[in-house]
Amino acid sequence: MLDTKTEPQKTSQPKVIFFGNGLLADTTLATIKDHVHLVFHARTKSDLSQVIELKKQNPDAYGILASFGVLIKSDVLELFEPAGILNLHPSLLPQYRGASPIESAILAGDTDFSYSIMKLVKAMDAGPVYHQATIKNLPLDKSAIYQALATAGAKWLLEHLQNLPTPIPQDNTTATYTEKLNKSQSFLQPDKYKASEIYRQIVAFQGFPKPKHTFFDKTCIILDAKVLRVTDILCEAAGINGSASSPLMIKCADRNFVVIERLQPEGKKPMDAKSFVNGYGKSRPAHT
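Every value quoted in this text rests on a predicted model; they were computed, and no experiment measured them.

Trainee: Before we move on, could you go through the side chain of Ser-186 and cite the residues and values that matter?
Mentor: Locating Ser-186 in the fold gives a position in the loop between strand E8 (177-178) and helix H6 (195-204). Residue class for Ser-186 comes out buried when judged on its relative accessible area of 3%. At a separation of 2.6 Å, a polar atom in the side chain of Ser-186 contacts the main-chain carbonyl oxygen of Pro-209.

Below is the structure:
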C-alpha cells in the first residue's frame with residue numbers, strides 16, 4: 001500500500017522530493033526543511049517507485065539530491081525535466097567525481113573545499129552545473145567540512161530553486177574520479193607515508209573505514225591526532241618550546257611523528273592517550 005502521508009501543504013513554499021542519506025544529506029535536509037514543502041524523502045532504491053507515483057501527483061515538485069548512493073534511471077530522471085534532479089555534490093566539478101570527493105580532497109592535501117549544484121544525468125556526476133562555490137579556511141575536520149558544504153549548498157538552493165540559472169556543461173576532458181573507501185584502508189602504514197599524510201588519512205577515514213593502528217598488541221581506532229615534527233621535539237628538549245611530546249606517538253616515513261590524542265581500543269570506550277598508556281602500556285615503549 002502506497003504511503004503518501006505528508007505534512008499539510010504550505011502553498012507559499014516550493015514542493016520538494018528529497019533523495020539522500022548520511023551527513024551530507026542530513027545537513028542539507030535540516031537546512032531546507034523549514035522552507036519547503038517536503039513531499040517525500042527517498043532513502044533507498046525501493047523508495048524510487050514511490051517517488052514516481054508522488055512526482056506524478058505533484059508535477060511541480062522539485063527533486064533535490066545529496067549523497068543518495070543509488071543509481072537513478074532515466075524513467076525517474078525524465079519526470080523532473082527540464083530542471084532535472086538537483087544534485088549537491090561536494091567538489092568543484094569536474095574534479096573529484098565519484099563516491100568520496102571530500103575524503104579524496106583531504107587525502108590530496110587540499111586546504112580549500114568546494115561544492116557544486118548540478119543537474120543529475122545517467123553518467124556519474126557529469127551533468128551541467130548550475131552553481132559552484134569554494135569555502136576557504138575550514139578546519140581539517142571531516143564532519144565540519146561536510147556540514148559547511150551542505151549548509152552553503154542548501155542555502156543557495158533555497159534562494160534559487162524557483163529561478164534557476166542556465167546550467168553550464170562540464171569539461172569532461174579535465175574530470176578526475178574518486179573511489180569508494182573500503183575496509184582494507186583502515187590500518188595505517190606509517191613506514192610508507194609522511195606524518196602529514198598519515199594525519200590526513202586519520203581525518204579522512206573517520207566514520208568509515210576508521211583509521212586503525214596497533215599499540216601494545218591492542219588494535220585501536222584513532223579518533224584525534226596531530227603532527228609532531230622532529231624539530232619540535234629537539235626544541236622542546238632544549239627548552240625552547242612548551243610541551244610537544246605525548247605518551248603515544250607513531251613514527252612515520254619522514255622521521256616525523258603523529259601524536260595520538262584520543263583513541264578507542266577494540267571493544268572499549270574512547271579514551272585519551274594518557275589513560276590508554278596507563279592502562280595498557282605498563283613498561284612498554286611509549287611510541288611505535
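On we go.
Trainee: Give a description of the pattern of salt bridges that names residues and reports values.
Mentor: Here the structure, examined in full by the defined rule, presents six salt bridges. Between Asp-224 and Arg-262 there is a salt bridge, with the nearest N and O atoms lying 3.1 Å from each other. Of this pair, Asp-224 sits in strand E10 (residues 218-228) while Arg-262 is found in strand E12 (residues 257-265), placing the two residues 38 residues apart along the sequence. In this structure, the salt-bridge partner of Lys-226 is Glu-261, at a minimum N-O distance of 3.8 Å. Residue Lys-226 is found in strand E10, and its partner Glu-261 is found in strand E12; the two are separated by 35 residues along the sequence. Overall, Lys-226 belongs to the partly exposed group, its relative accessible area being 37%.

Trainee: Let's hear about the layout of surface pockets: which residues, and what values?
Mentor: The gaps left among the atoms become clear once a water-sized probe is rolled over them. Put simply, the largest pocket is a space of about 990 Å³. At the level of elements, helix H1 (22-32), strand E4 (85-89), helix H4 (101-107) and helix H5 (142-160) are the ones that each hand at least two residues to the lining of the largest pocket. Classifying every residue of the lining of the largest pocket by side-chain character gives 19 nonpolar, 10 polar and five charged.

Trainee: For the pairing of strand E6 (residues 113-119), give the residues involved together with the corresponding values.
Mentor: When a strand is regular, its side chains alternate between the sheet's two faces. With seven of seven residues buried, E6 is to be regarded as a mostly interior element. Burial along E6 is two-sided: the residues Phe-113, Tyr-115, Ile-117 and Lys-119 and Ser-114, Ser-116 and Met-118 are all buried. Where E4 and E6 come together, four bridges link them in antiparallel fashion. Residue pairing for E6: Leu-88 is matched across the bridge by Ile-117. Relative to strand E7 (residues 129-135), E6 runs antiparallel, the two being bridged by six bridges. Within E7, the position partnered with Ser-116 by the bridge is Gln-132.

Trainee: Describe in detail H5, supporting the description with residues and values.
Mentor: Over its 19 residues, H5 extends 27 Å from the first C-alpha to the last, a length consistent with the 27 Å expected when each residue adds 1.5 Å. Capping of H5 at its N-terminal end is provided by Asp-141; its side-chain oxygen lies 3.2 Å from the backbone amide nitrogen of Ser-143.

Trainee: Give a description of the environment of Ser-12 that names residues and reports values.
Mentor: Mapped onto the elements, Ser-12 comes out in the segment before strand E1 (15-20). In this structure Ser-12 comes out as exposed when scored by relative accessible area, which is 67%. Along the primary structure Ser-12 and His-35 are separated by 23 residues, whereas in three dimensions their C-alpha atoms are 9.3 Å apart.

Trainee: Could you give an account of helix H2 (residues 48-57), naming the residues involved and the relevant values?
Mentor: Of all the positions in H2, only Leu-48, Gln-50, Val-51, Ile-52, Leu-54 and Lys-55 are classed as buried. Packing partners of the buried residues in H2 comprise E1, strand E2 (37-42) and helix H3 (74-77).

About the cut-offs
Residues numbered from 1 in each chain as written. Predicted model: local features only at pLDDT ≥ 70, side-chain atom pairs only at ≥ 80, totals over all residues. Heavy atoms only, no water. Helix = DSSP H or I, 4+ residues; strand = E, 2+ residues; numbered from the N terminus. Buried < 20%, exposed > 50% of the residue type's maximum accessible area, 1.4 Å probe, protein only. Polar contact = N/O pair within 3.5 Å; in protein donor to acceptor, adjacent residues only side chain to side chain. Salt bridge = Lys/Arg side-chain N within 4 Å of Asp/Glu carboxyl O. 1 Å grid on protein atoms, 1.4 Å probe; cavity = no way out; pocket = protein on both sides within 12 Å on 5 of 7 lines; lining within 4 Å. Points joined across faces, edges and corners; volume = space filled by probe spheres on them. Nonpolar A, V, L, I, M, F, W, Y, C, P; charged D, E, K, R; others polar. Pairing = 2+ DSSP bridges. Expected span 1.5 Å × (residues − 1). Contact = heavy atoms within 4.5 Å.

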